[in-house]
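Below, each chain spelled out in residue letters.
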Amino acid sequence: PASKFTIIREYIRLKTLLKNRTAEDIANLTRVNDERYEMELRMNEHLFASTFNVEPTMLPLIIFQSVTIALKYGLSSSSSSDFAGLSMLLCGPFGKPREGLEMAKTAELILKKPGTRRSACFTLFITQGCCYHWTSPLQGTVSPLLKGYQIGLEAGDTERGCWCLAGRNCHLFFTGRPLDSI
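Bear in mind that the values here come from a model prediction, so they are computed numbers and not experimental data.

This part is about the state of the cysteines. The final tally for this structure, using the stated rule, is zero disulfides. This cysteine, Cys 91, is not joined by any disulfide, and Cys 131 carries the nearest cysteine sulfur, 4.2 Å off. For Cys 91, a relative accessible area of 2% gives the class buried. Not engaged in a disulfide, the cysteine Cys 130 finds its nearest cysteine sulfur in Cys 131; these two sulfurs lie 6.0 Å apart.

So, in structure tokens, the structure goes:
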């Protein structure tokens, strides 16, 4: 397990890299040219869910590492989910929802770039399911989560598509929507 000290130290390192960059600045970074970094980012993307379930204290370190690589060497096809993961950490455990929403916006801007469709479903699940409800009405996440489910089905990512659908159902339940209207 990662200690709180290690997590905070790595967060401070990442904060210095982020400095005063806006969501637009980050989304306009060049694409990573080095195949090794691209592969590392893809491996981290696959580690995300299993780490969350097996050793959650390691998840922030994986997210920080992926975001650091993106900031230093360029964006990859999985960068949107990395910044979405950072937004989840900032909104939840770090208690910084405004900063988290800025990273969620970054993730969604990266999704507009070509070649990022593969991570769209996961990114929408994290941003809509774990971030926006901190500052916006829960009802606003229902439609994007359904979109994430549809994207997951189209892309063959049924697992994460079902995460979107499950998140949508929870949000519908918590908004008090009658079951017959679903």
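Next comes the rest of the account.
Once that is clear, we can look at the packing of aromatic side chains. When we look at a pair of aromatic rings, we describe it by the centre distance and by the angle of the planes. Tallying each qualifying case throughout the model produces eight aromatic pairs. Between Tyr 37 and Tyr 73, the aromatic rings sit 4.0 Å apart at their centres with planes inclined by 10°, giving stacked as the arrangement. In this pair, Tyr 37 is assigned in helix H3 (residues 35-54) and Tyr 73 in helix H4 (residues 59-73), connecting sequence segments 36 residues apart. Exposure remark for Tyr 37: the relative accessible area of 21% places this residue in the partly exposed category. According to the relative accessible area criterion, Tyr 73 is partly exposed, its value standing at 38%. Measuring from ring centre to ring centre gives 5.5 Å for Phe 125 and Trp 163, while their planes differ by 50°; the resulting arrangement is tilted. Of this pair, Phe 125 sits in helix H7 (residues 120-130) while Trp 163 sits in helix H9 (residues 158-174), and the two are 38 residues apart along the sequence. Each member of the aromatic cluster is reached from another via a ring pair, and the members are Phe 48, Phe 122, Phe 125 and Trp 163. The ring of Phe 122 carries Arg 160 above its face, with NZ or CZ at 4.0 Å from the centroid.

Calculation rules
- Residues numbered from 1 in each chain as written.
- Predicted model: local features only at pLDDT ≥ 70, side-chain atom pairs only at ≥ 80, totals over all residues.
- Heavy atoms only, no water.
- Disulfide = S-S within 2.5 Å.
- Buried < 20%, exposed > 50% of the residue type's maximum accessible area, 1.4 Å probe, protein only.
- Phe/Tyr/Trp six-rings, centres within 6.5 Å; stacked < 30°, edge-to-face > 60°.
- Helix = DSSP H or I, 4+ residues; strand = E, 2+ residues; numbered from the N terminus.
- Lys NZ or Arg CZ within 6 Å of the ring centre and 35° of its normal.

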